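Take a look at the letters that make up each chain.
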Amino acid sequence: MTVITRFAPSPTGNLHLGNLRIAIANALLSHSLEGIFILRYDDTDILRSSFEYKRSIAADLRWLGISWNQEIYQSDRISMYQEAADLLKESGYLYPCYETKEDLEFSRKKLLSQGKPPVYDRSALNLSSTQRLEFESSGRRPHWRFKLDHSLVSWTDLIRGEQKYSINNVSDPILIREDGTFLYTLPSVVDDISLGITHVIRGEDHVTNTAVQIQVIRALSEKINTIKFAHLPLLTDDSGGPLSKRINSLGISYFQDFGIEPMALCSFLTFLGTSSDIKPMYDLNSLSDNFNLKNVSRNPPKFNESDLLSLNAKYLRDAPFSMILEALGDVKYNEEFWIVVRDNIETLPDAHYWWEVCYGIIKPIINDSEYISVALDLLPKGDWDVETFGLWVKQIKLKTGRKGKELFQPLRLAITGRGDGPELKFLMPLIGYDKTVSRLRKK
Ligand code: GLU
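Notes on the structure follow. (Residues numbered from 1 in each chain as written. Predicted model: local features only at pLDDT ≥ 70, side-chain atom pairs only at ≥ 80, totals over all residues. Heavy atoms only, no water.)

1. Notes on the overall build of the protein
Piece 1. For the protein, the helix and strand inventory stands at 20 helices and ten strands.
Piece 2. Taken over C-alpha atoms, the radius of gyration comes to 31 Å for the protein, far larger than the 22 Å a tight globule of 443 residues would show.
Piece 3. Projected onto its principal axes, the C-alpha positions of the protein cover 105 × 50 × 35 Å.
Piece 4. Summarising the internal contacts of the protein: among those between residues at least 6 apart in sequence, 74% fall at separations of at least 24.
Piece 5. Each charge sign in the protein was given a centre, from 53 positive and 57 negative side chains, and these centres are 4 Å apart. (Helix = DSSP H or I, 4+ residues; strand = E, 2+ residues; numbered from the N terminus. Rg over C-alpha atoms; globule rule 2.2 N^0.38 Å. Contact = heavy atoms within 4.5 Å. Lys, Arg positive; Asp, Glu negative; His and termini not counted. Charge placed at Lys NZ, Arg CZ, Asp CG, Glu CD.)

2. What about the site of the ligand?
Piece 1. Taken together, Arg6, Ala8, Ser10, Asp42, Tyr184, Ser188, Arg202 and His206 make up all the residues around the ligand.
Piece 2. Note that a nitrogen atom of the ligand is positioned 2.9 Å from one of the side-chain N or O atoms of Ser10.
Piece 3. Contact distances for the ligand include 2.5 Å between an oxygen atom and a side-chain N or O atom of Tyr184.
Piece 4. With the chains in place, 79% of the 300 Å² that the ligand exposes on its own is no longer accessible.
Piece 5. Partitioning the shell around the ligand into residue classes produces two nonpolar, three polar and three charged. (Near = heavy atom within 4 Å. Polar contact = N/O pair within 3.5 Å; in protein donor to acceptor, adjacent residues only side chain to side chain. Areas by Shrake-Rupley, 256 points an atom, 1.4 Å probe, with all protein chains shown as cover. Nonpolar A, V, L, I, M, F, W, Y, C, P; charged D, E, K, R; others polar.)

3. A closer look at the sheet that holds strand β4 (residues 94–97)
Piece 1. With respect to topology, three strands assemble into an open sheet ordered β4-β5-β8, the strand pairing being antiparallel. Where the open sheet ends on each side, the last strands, each with one partner, are β4 and β8 (174–176). Strand-to-strand twist in this sheet, taken as the mean axis angle between neighbours without regard to direction, amounts to 45°.
Piece 2. By the bridge criterion, four bridges tie β4 to strand β5 (residues 143–146) in an arrangement that is antiparallel. By the bridge assignment for β5, Tyr95 is matched with Arg145. (Pairing = 2+ DSSP bridges. Axes fitted to C-alpha atoms, helices over the stretch in contact; angles between N-to-C directions.)

4. With respect to helix α15 (residues 348–359)
Residues separated by three or four positions in an α-helix point in the same direction, a consequence of the helix having 3.6 residues per turn.
Piece 1. The end-to-end C-alpha separation of α15 is 17 Å, in line with the 16 Å expected for twelve residues at 1.5 Å each.
Piece 2. Packed against the buried residues of α15 are α12 (305–318), α13 (321–328), α14 (335–341), α18 (404–416), α19 (424–431) and α20 (433–441). (Expected span 1.5 Å × (residues − 1).)

5. Re the pairing of strand β10 (residues 228–232)
Piece 1. With four of five residues buried, β10 is to be regarded as a mostly interior element.
Piece 2. Bridge analysis of strand β9 (residues 199–203) against β10 gives five bridges, and the strand direction is parallel. The residue of β10 that forms the bridge with Arg202 is His231. (Buried < 20%, exposed > 50% of the residue type's maximum accessible area, 1.4 Å probe, protein only.)

6. Re α18
Piece 1. With 13 residues, α18 extends 18 Å from end C-alpha to end C-alpha; this agrees with the ideal 18 Å at 1.5 Å per step.
Piece 2. Where α18 is concerned, the buried positions are Leu407, Pro410, Leu411, Arg412, Leu413, Ala414, Ile415 and Thr416.
Piece 3. Packing partners of the buried residues in α18 comprise α15, α16 (369–378), α17 (388–400), α19 and α20.
Piece 4. Following α18 by one or two positions, Gly417 adopts a phi angle in the positive range, close to 75°.

7. Re the packing of α16 against α18
Piece 1. Put simply, α16 and α18 touch, their axes get as near as 10 Å, and they point 85° apart. Taken together, the axes of α16 and α18 lie roughly perpendicular to each other. Residues Tyr371, Ile372 and Ala375 of α16 lie in contact with α18, whose contacting residues are Glu406, Leu407, Pro410, Leu411 and Ala414.
Piece 2. A per-class count over the contact of α16 with α18 returns seven nonpolar, no polar and one charged. (Parallel < 35°, antiparallel > 145°, perpendicular 65-115°, else oblique.)

8. Considering the packing of aromatic side chains
Piece 1. Scanning all chains against the criterion turns up 19 aromatic pairs.
Piece 2. Between Tyr93 and Phe146 the ring centres are 5.3 Å apart and the planes differ by 5°, which places this aromatic pair in the stacked class. In this pair, Tyr93 sits in the loop between α3 (78–90) and β4 while Phe146 sits in strand β5, placing the two residues 53 residues apart along the sequence.
Piece 3. Residue classification places Tyr93 among the partly exposed residues on the basis of a relative accessible area of 32%.
Piece 4. Judged by relative accessible area, which is 0%, Phe146 ranks as buried. (Phe/Tyr/Trp six-rings, centres within 6.5 Å; stacked < 30°, edge-to-face > 60°.)

9. Remarks on the packing of α3 against helix α6 (residues 185–194)
Piece 1. α6 packs onto α3 with a crossing angle of 105° between their chain directions and a minimal axis gap of 10 Å. Relative to α6, α3 is oriented roughly perpendicular. Only Leu186, Pro187, Val190, Asp191 and Ser194 of α6 make contact with α3, whose side of the interface consists of Met80, Tyr81, Ala84, Ala85 and Leu88.
Piece 2. Residue classes in the contact of α3 with α6 are distributed as eight nonpolar, one polar and one charged.

10. Focus on the side chain of Gln213
Piece 1. Structurally, the position occupied by Gln213 is in helix α7 (residues 207–220).
Piece 2. Taking relative accessible area as the criterion, Gln213 reaches 1% and is therefore assigned buried.
Piece 3. One polar contact links Gln213 to Arg202, side chain to side chain, over a distance of 2.8 Å.
Piece 4. In this structure, Gln213 is in contact with Tyr184, Thr185, Ser188, Val189 and Arg202, ignoring residues within four places of it in sequence.

11. Overview of the environment of Ile362
Piece 1. Its place among the elements puts Ile362 in the loop between α15 and α16.
Piece 2. Between the alpha carbons of Ile362 and Gly417 there is a distance of 6.5 Å; along the sequence they are 55 residues apart.
Piece 3. With residues near it in sequence (within four places) discarded, Ile362 still touches Tyr353, Glu356, Val357, Ile415, Thr416, Gly417 and Arg439.

By themselves, these are just geometric observations and shouldn't be taken as functional.
Laid out in structure tokens, this is it:
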């Protein structure tokens, strides 16, 4: 059987790390089993969905190298949802309700004040046809609720294991609003059935939805036995709390602009919260070969920006030079330069400073001009290699008696404009005699 997965974002905002992780899991599962991966836009909420968000979601996925076999827009499939709704109305699963928002809020507060769970009391089921007609003729339109079966719903979750979910304290969900538009639940079920989805992989925040949707699926078809569910625990911050608003609101472009490499981000989000080590992978094939839902831990993974940065640094350090050139696009570094700087950067844009140090213009820092002028007098002439710096420093040491930081740091600050970075013995042959002299001469 062909594995078919889907990533189903609501285009009401940009992708963030949490939903990207879900997208990656779905893409990798189908990729590893030569299946089909569908990008489905859950855009039935016409007011909040936008074309711009659809475009940015697709652009983010493409940037990450994730492709999809099919693209579905729920807004194109309303007639299918309508048909399903008619079926559910006929079989009595969908019932009309006329409560206003205020009515519902009032009963919710009342139940809470009595210490009871705020579950809808199904009073609409007791309406007589005359009462319904009265509502209709006074201009009220019903919203439609799905009548849940208050029994345990069970499924074998591919991450959480055997689930027995008590649906007693869940209100009958509204599937259709007063204005006739569909909420998320029914379109999602209709699509999962009609698209032949085999695996629904989504966040743990959807566990209740799954219990409800299993009942809706059952009411519509016998397909339930073929759809497998997997719920990934949600990302948390370092202390185990919910991810900060800042991180959550950061779109993927933040990481892109920051200089995180797409495959580093994919690797990070794939291995985070699994029993596998977090390591860089350079293409989706290798990543999907290393991906297995069985390795996903039930504990919420902690997201830490500096861990992501370290992985990015490792990714760059170990990448073949041809890949670096490709990632650089128009910028062209030479391999000699790259080998010297790659251990000292966390992102590709970081390397740019070192490019300027070697081949461009920087601002030397000279705090001790007397010492620097002694060093300048001793600077070896001719062609430089990796031995040159050692020979030079030996002379300076003899002349000044300095050692350690006192000896090295002023030279580094004058030649590179920074207190840290790649070893000077490797940098100096790239910088060359003339540039070094002019930097040491700066007052
Ligand atoms: N549109 C839903 C969301 O973004 C999809 C959930 C699902 O995968 O079914 O949360």
